[in-house]
Amino acid sequence: MLRNTLLWASTNPFLAKKLPTYRFVQRATKRFMPGADLDAALVEAKALAANGVTTTTTLLGENLVSLDEADRVVDHYVGGLKEIEARGLDVEISVKPTQIGIDFGVDEARKRLGQIAASTTSLVWVDMESSEYVDRTLDIFRTVKEEQGNVGLCIQSYLHRTEADLQALMPLQPDIRVVKGAYNEPPEVAFPKKSDVDRNFVKLSQTLLRARLGGSAGRPVFGTHDPNMIGEANRIALELGLEKDRHEFAMLFGIQRDEQVRLARTGHKVRVLVSYGAAWFPWYMRRLAERPANLLFVAKQLVR
Ligand code: FDA
């Protein structure tokens, strides 16, 4: 129930406007977000690199009111990618389809994803948002992947459809980040039980790791903090005889920091997603919904 309340709050425009004005809320976000701009994210990326951990970064912000805003997002990422290159950092970016205009038409988002990908040689990740966007997101990913190559896609193990979607994508040899899924979805669309979401996560991991065995598949990335999922991916890779560095783990900034470093020190590839930007409220509510125990942390900030 608490999870549903937090997910409801994540979509409430009044709360999104009001809560971020409180100092205690701003303080609490620091745990998951080093700062509001790209520079703060890149400073953190440099610190993470010292521990052998690489970074993906993302500008927070979701549905837009105009295509001008989508153009500003493209300019921001194109400029940001130049800055990343200038600083010599191993930092990739991850983009939300709603931030690049998908609500205004698939063509608008496809064009803008292509513009961002064309400005860099590094991989541009495409986030997966709520289920209403899945078809359109697959569409823009597929086209830009076929035309330009350097895009990767996030898929969600809580969706019933994902296994079939992944099978259909495999001929493209895609770079895939598997996550469990962060949105409030009805049972017709997503597995309501965690055990089913986990089982599907392992199944998808197996598909990606088996494909990796042949040597031609894209990067399999497991975006999870769940020790069981991490253990399963490592177990499958070991059984298949894959070297440790043939798959990757991705975690969110500020979550399971010790595990991030431990994995990197034991020869695994680890990438941390560092978010920044003024429009952090819906994203932050989804993080609290994943682990309501984090509310305690917010409450402590309130008391302080
Ligand atoms: P799960 O939520 O089942 O938790 C398992 C364990 O992990 C917990 O018991 C706890 O120990 C730890 N844990 C998990 N979340 C925590 C938290 N917030 N604080 C502290 N501990 C925590 N989703 C989406 O729908 N679209 C997307 O594009 C992305 N992209 C993305 C990228 C990356 C790099 C990551 C890591 C995650 C995403 N997600 C996402 C979010 C994802 O769908 C999911 O909601 C979270 O990763 C939480 O699920 P876990 O697999 O971590 O495990």
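Read on for an overview of the structure. (Residues numbered from 1 in each chain as written. Predicted model: local features only at pLDDT ≥ 70, side-chain atom pairs only at ≥ 80, totals over all residues. Heavy atoms only, no water.)

## Details of the overall build of the protein chain
The cut-off we apply is this: By the criteria applied, helices consist of DSSP H or I runs no shorter than four residues and strands consist of E runs no shorter than two, each listed in order from the N terminus. The buried label goes to any residue with under 20% of its type's maximum accessible area, the exposed label to any with over 50%, and the partly exposed label to all in between, with areas taken from a 1.4 Å probe on protein chains only. We call two residues contacting when some pair of their heavy atoms lies within 4.5 Å. All accessible areas in this document rest on Shrake-Rupley with a 1.4 Å probe, and a residue is counted as covered only by the protein chains that are shown.
Helix and strand counts for the protein chain stand at 13 helices and eight strands. For the protein chain, the residues scored as buried account for 54% of the 304 residues in total. Taking as baseline every contact in the protein chain between residues at least 6 positions apart, the subset at least 24 positions apart corresponds to 75%. As displayed, the protein chain offers around 14100 Å² of accessible surface, 54% of which is attributable to carbon and sulfur atoms.

## Notes on the site of the ligand
Selection criterion: Nearness here has a simple test: a residue counts as near a molecule or strand if at least one of its heavy atoms is within 4 Å of that partner. In protein, a polar contact means a hydrogen-donor-capable atom and an acceptor-capable atom, both N or O and within 3.5 Å, with residues adjacent in sequence counting only if both atoms are side-chain atoms; elsewhere, any N or O pair within 3.5 Å suffices.
Lining the immediate surroundings of the ligand are 25 residues, of which M128, K180, G181, T224 and E290 lie closest. The separation between an oxygen atom of the ligand and a polar side-chain atom of K180 is 2.7 Å. At a separation of 3.1 Å, an oxygen atom of the ligand approaches a polar side-chain atom of K194. Burial of the ligand by the surrounding chains reaches 87%, relative to a free accessible area of 920 Å². For the shell around the ligand, the element with the most residues is strand β7 (residues 248-252), which contributes three residues.

## Observations concerning the packing of helix α5 (residues 67-86) against helix α6 (residues 106-118)
Applicable threshold: To obtain an axis, a line is fitted to C-alpha atoms, over the contacting stretch when the element is a helix, and the angle between two such axes runs from 0 to 180 degrees between their N-to-C directions. Our angle categories are set so that under 35 degrees counts as roughly parallel, over 145 as roughly antiparallel, 65 to 115 as roughly perpendicular, and the remainder as oblique. By convention the crossing between two helices is left-handed if the near helix lies anticlockwise of the far one by an angle smaller than a right angle, and right-handed if it lies clockwise. As a working rule, the residues Ala, Val, Leu, Ile, Met, Phe, Trp, Tyr, Cys and Pro are called nonpolar, Asp, Glu, Lys and Arg charged, and the rest polar, with Gly in that last group.
Contact pair α5 / α6: the axes reach a minimum separation of 9 Å and the direction vectors enclose 15 degrees. With respect to α6, the axis of α5 lies roughly parallel. When you trace α5 past α6, the crossing you get is right-handed. Contacts between α5 and α6 pair L67, A70, D71, V74, Y77, V78 and L81 from the former with E108, R112, Q115 and I116 from the latter. Class assignment for the residues of the contact of α5 with α6 results in seven nonpolar, one polar and three charged.

## Considerations on the pattern of salt bridges
Quick note on the threshold: Salt bridges, as used here, are contacts in which a Lys or Arg side-chain nitrogen is within 4 Å of a carboxyl oxygen on Asp or Glu.
Inspection of the entire model under this criterion finds 25 salt bridges. Its salt-bridge partner being K96, residue D127 comes within 3.0 Å of it at the nearest N-O pair. Of this pair, D127 sits in the loop between β3 (124-126) and α7 (134-148) while K96 sits in the loop between β2 (91-95) and α6; the two residues are 31 residues apart in sequence, bridging distant segments of the chain. Of the two residues, D127 and K96, neither departs from the other in class, the shared state being buried. With a closest N to O distance of 2.7 Å, R177 and D127 form a salt bridge. One end of the pair, R177, is in strand β5 (residues 175-179); the other, D127, is in the loop between β3 and α7, with 50 residues separating them in the sequence. By the burial criterion, R177 is buried, and D127 matches it. Among the charged side chains, a network of salt bridges with common partners joins D90, E92, R219, E248 and R271.

## Description of the pairing of strand β1 (residues 54-59)
What counts is decided by this rule: One bridge is not enough; two strands pair if DSSP finds at least two bridges between them.
Burial runs high along β1: five of the six residues are buried. Direction of pairing for β1 relative to strand β8 (residues 269-276): parallel, over a ladder of six bridges. Each residue of the ladder has a partner; that of T55, found in β8, is V272. Sheet topology note: the β1/β2 ladder contains three bridges and is parallel. Note on β2: the bridge partner recorded for T55 is V91.

## Points about the side chain of R219
Following the sequence through the fold, R219 ends up in the loop between α9 (194-213) and β6 (220-223). Judged by its relative accessible area of 16%, R219 falls in the buried class.

## Focus: the sheet that holds β1
Within the closed barrel, the eight strands sit side by side as β1-β2-β3-β4-β5-β6-β7-β8. Their pairing is parallel. Within the sheet, the average angular offset between the axes of one strand and its neighbour, ignoring direction, is 25 degrees. Alignment of β2 against β3, held across three bridges, turns out to be parallel. What sits directly across from I93, in β3, is V124. Its contacts with the sheet place helix α4 (residues 38-49) against β1, β2 and β8, and it is angled at close to 160 degrees to β8. Along the sheet face, helix α11 (residues 257-265) touches β7 and β8 and points at about 160 degrees away from the line of β7.

## Describing unusual backbone geometry
Its identity is not glycine, yet Q173 carries a phi of approximately 50 degrees, on the positive side. Among the structural elements, Q173 can be located in the loop between α8 (162-169) and β5. Residue classification places Q173 among the partly exposed positions, given a relative accessible area of 38%.

## Looking at the pairing of β5
Selection criterion: Orienting the strands away from the viewer, one traces the path from the first strand over the helix to the second; a clockwise path indicates a right-handed crossover.
The buried count for β5 comes to five of five residues, which makes it a mostly enclosed element. Side chains of β5 alternate between two faces, with D175, R177 and V179 and I176 and V178 buried alike. Pairing between strand β4 (residues 151-156) and β5: five bridges, direction parallel. When the sheet's bridge partners are listed, G152 is paired in β5 with D175. With respect to chirality, the unit in which β4 leads through α8 into the neighbouring parallel β5 is right-handed. Summarising the sheet, β5 and β6 pair through three bridges and their orientation is parallel. In the sheet register, R177 faces β6, and the bridge partner there is V221.

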